[in-house]
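Each chain is listed here by its residues.
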Amino acid sequence: MKFIALPVTLGDSFYYQRSGRSVLVDGGKSSSQKISKLLSDENIRDVDILICTHNDADHANGIIGFLQNCNLATKEVWLPGTWSHKLSELMQNPENCINKIMNESISPKQHHIKYSDEAINKLSNTDRDLEEKYLIENIDTELLFEAANKYSHAQLNLRSHSACNPLHCNMAFSRRILNAAANICKIFSLALARSIKIRLFEHGDANGSGGEPGFLIPMSSKEVYAKKSTSTDLVSSLYLSIINRHALVFLSPETKDYPAVLFSSDSNLEVFCQNYHASKIIITAPHHGSKNNLNAATQIRKHFFTARRVWVRSDGKVRANPDTWYRNCIADDKYCTVCNLGISFTSHQAVYLDRSLRTKSSPCSCA
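Rules and cut-offs
Residues numbered from 1 in each chain as written. Predicted model: local features only at pLDDT ≥ 70, side-chain atom pairs only at ≥ 80, totals over all residues. Heavy atoms only, no water. 1 Å grid on protein atoms, 1.4 Å probe; cavity = no way out; pocket = protein on both sides within 12 Å on 5 of 7 lines; lining within 4 Å. Points joined across faces, edges and corners; volume = space filled by probe spheres on them. Helix = DSSP H or I, 4+ residues; strand = E, 2+ residues; numbered from the N terminus. Nonpolar A, V, L, I, M, F, W, Y, C, P; charged D, E, K, R; others polar. Pairing = 2+ DSSP bridges. Axes fitted to C-alpha atoms, helices over the stretch in contact; angles between N-to-C directions. Contact = heavy atoms within 4.5 Å. Phe/Tyr/Trp six-rings, centres within 6.5 Å; stacked < 30°, edge-to-face > 60°. Buried < 20%, exposed > 50% of the residue type's maximum accessible area, 1.4 Å probe, protein only. Lys NZ or Arg CZ within 6 Å of the ring centre and 35° of its normal. Salt bridge = Lys/Arg side-chain N within 4 Å of Asp/Glu carboxyl O. Parallel < 35°, antiparallel > 145°, perpendicular 65-115°, else oblique. Left-handed = near helix turned anticlockwise from the far one by under 90°.

Let's talk about empty space enclosed by the protein
- Scanning all chains against the criterion turns up two cavities of 30 Å³ or more.
- If you add up the space inside the second largest cavity, you get close to 40 Å³.
- It is helix α9 (residues 234-242) that provides the largest number of residues to the lining of the second largest cavity, a total of three residues.
- Residue classes in the lining of the second largest cavity are distributed as four nonpolar, three polar and one charged.

Some thoughts on the sheet that holds strand β4 (residues 49-51)
- Strand order in this open sheet of eight strands is β9-β7-β5-β4-β3-β2-β1-β16, and the pairing throughout is mixed. The open sheet has two edge strands, β9 (221-224) and β16 (351-353), and neither has a second partner. Here the strands of the sheet are splayed against their neighbours by 20° on average, with no regard to which way each runs.
- The pairing of strand β1 (residues 2-5) with strand β2 (residues 14-18) spans four bridges and is classified as antiparallel. Looking at β2, one finds that K2 is bridged to Q17.
- Set on the sheet, helix α8 (residues 171-193) makes contact with β5 (76-80) and β7 (197-203); between it and β7 the angle comes to about 145°.

Description of the packing of aromatic side chains
- Under the defined criterion, the tally for this structure stands at eleven aromatic pairs.
- Ring geometry for F14 against F263: centres 6.4 Å apart, planes inclined by 50°, an arrangement best described as tilted. Here F14, found in strand β2, pairs with F263, found in strand β12 (residues 260-263); they are 249 residues apart in sequence, far enough to count as distant. In this structure, F14 and F263 share a single accessibility class: buried.
- With centroids separated by 5.4 Å and ring planes inclined at 50°, the aromatic side chains of W78 and F250 adopt a geometry described as tilted. Taken together, the residues W78 in strand β5 and F250 in strand β11 (residues 250-252) connect sequence positions 172 residues apart. Across the pair, F250 and W78 agree in class, each one buried.
- Every member of this aromatic cluster is reached through a ring pair, and the members are F3, F14, Y16, F215 and F263.
- Of note, K360 hangs over the ring of Y352, and the distance from its end group to the ring centre comes to 4.5 Å.

Observations concerning the sheet that holds β11
- Judged by pairing direction, the sheet is mixed, and its six strands sit side by side in the order β8-β11-β12-β13-β14-β15 without closing on themselves. Among the strands making up the open sheet, the edge pair consists of β8 (217-218) and β15 (333-336).
- As paired strands, β11 and β12 are joined by three bridges and run antiparallel to one another. Of the residues in β12, the one forming a bridge with S252 is V261.
- In this fold helix α10 (residues 294-303) packs onto β12, β13 (280-284) and β14 (308-313), with an angle of close to 155° to the strand it touches most, β14.

Re the pattern of salt bridges
- One pass over the full model with this rule turns up 15 salt bridges.
- Linking D257 and K256 is a salt bridge whose minimum nitrogen-to-oxygen distance equals 3.4 Å.
- Between D315 and R313 there is a salt bridge, with the nearest N and O atoms lying 2.8 Å from each other. Both residues of the pair, D315 and R313, count as buried.
- Residues joined in a network through salt bridges with shared partners are R21, E76, R199, E212 and E223.

Quick word on the packing of helix α7 (residues 141-156) against α8
- It is the contact of α7 with α8, at a shortest axis distance of 8 Å, that shows an interaxial angle of 155°. Classed by the angle they form, the pair α7 and α8 counts as roughly antiparallel. When you trace α7 past α8, the crossing you get is left-handed. Where α7 abuts α8, its residues T141, L144, F145, A147, A148, Y151, S152, A154 and Q155 lie against R175, L178, N179, A181, A182, C185, K186, F188, S189, L190, L192 and A193.
- Broken down by class, the residue content of the contact of α7 with α8 amounts to 14 nonpolar, five polar and two charged.

Re the packing of helix α4 (residues 94-104) against α8
- Interaxial distance between α4 and α8 falls to 9 Å at its minimum, and their mutual angle equals 155°. With respect to each other, α4 and α8 are oriented roughly antiparallel. In the packing of α4 onto α8, the handedness of the crossing is right-handed. Contacts from I98, I101 and M102 of α4 reach α8 at S174, I177 and L178.
- Considered class by class, the residues forming the contact of α4 with α8 number five nonpolar, one polar and no charged.

Topic: the environment of A57
- Looking at the secondary structure, you find A57 in helix α2 (residues 57-69).
- Residue classification places A57 among the buried residues on the basis of a relative accessible area of 19%.
- A sequence separation of 126 residues divides A57 from N183, and the C-alpha atoms of the two residues are 8.7 Å apart.
- Those residues in contact with A57 that lie beyond four places of it in its chain are G28 and K29.

The following block contains the structure:
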C-alpha cells in the first residue's frame, strides 16, 4: 500500500495504491507539468483511476495538467455527473453560451439571493430531473476542445467582450463561470482524445452505489451511466459544478490488510453514506481544514468514533487554515503538506503513509 499527499503548493492531490490498483484524487491548482513531475519524482508508473472531485481551480487545474502533460497509463476518469448536463450546449454553441454567461452575471448581493442554501437545494433537485440520454463516447472531441479555448479566451478578455457591461457585470462571478465551462470542456475532450473511459457520479445519493467495490466507493453520490441533460439554466448548472458542497467523496474500505481511506475533498458531508466502518482510517481533511467544514469533521469523528484516525491536510500558505476544529483533534495523528505556524509557514512536504499508518513525514505543527 502507498498513500501520498502530493505537495502541489495549492489545493489537493492524493495518490493511493493498493493490491495492484491505483488512483489519483484531484491535481492541485497548477495546470502545467507540476503534477507530472511530482508523480515522476515518486517513481509512480501508472494511475488506473483519475478523479476530479469538483470544478474548483485548486482541484481541477491539475487534472487538466495531468491529461495534457503526463504519459502515465490511465484507464478511467471519474467526474461529477452534473458536468455532463450542459455538455452538448457548451460544445455546440460556445458563442451563445458566453453571451448567456455575461448577460446572466449578477451582482454580489443578487448572488447571495439566487444561490442561497435553499435555492441550491432546489436547483440540485431540479438537476436530478434527467432526460435525453446518450453516450459520452459519441462526442466530437475536437469541437469540444475548440469550445474550451473559446471559454478560456473569453475569461482572459472579459472586459473587452461585447456583452460585458462593467457597471452591471459581476466580473469575478463571470470569470469563475467561464473557467468552469472551459475546464469541463477541456477535461472531457482530453480524456476522450486519449481513449480513457469516463465514469460519472451524481451528487446527492447516500447509498454508496457504483465505483469499484472493495477498492473505491462513492460516499455522497451514485454512479450514472450516460450523459444526460436537465432543465436547469446554463449558468446555474455551471455554478453547481464549482461549489464545495457538491464535491465528490470516496472511501477505500478497510480490509484485514489495509486501513480505510476517506477522500473528503471540499465537501461538508451533507450527504454521507453510513454503511462503512473502520478500526483504522486515513482521512483527507475536508477543505484544507477550513472553518466552513466543521460539519464534515463532526460527522467523520462521530461515524468513525472508535477508529484510529489519521488526518492528512493538503493546503497552500493560507492564513485562515486550519481552523480550530482541526487543531483541536489532539487525540488523532495529523500531517500537513504545509503547516501554519501563526507568523510563518513550514516548507511544503509530501505526506507518506503505509498500511500500518507509519510515516517518514513530519507531524502537524500548526500553531
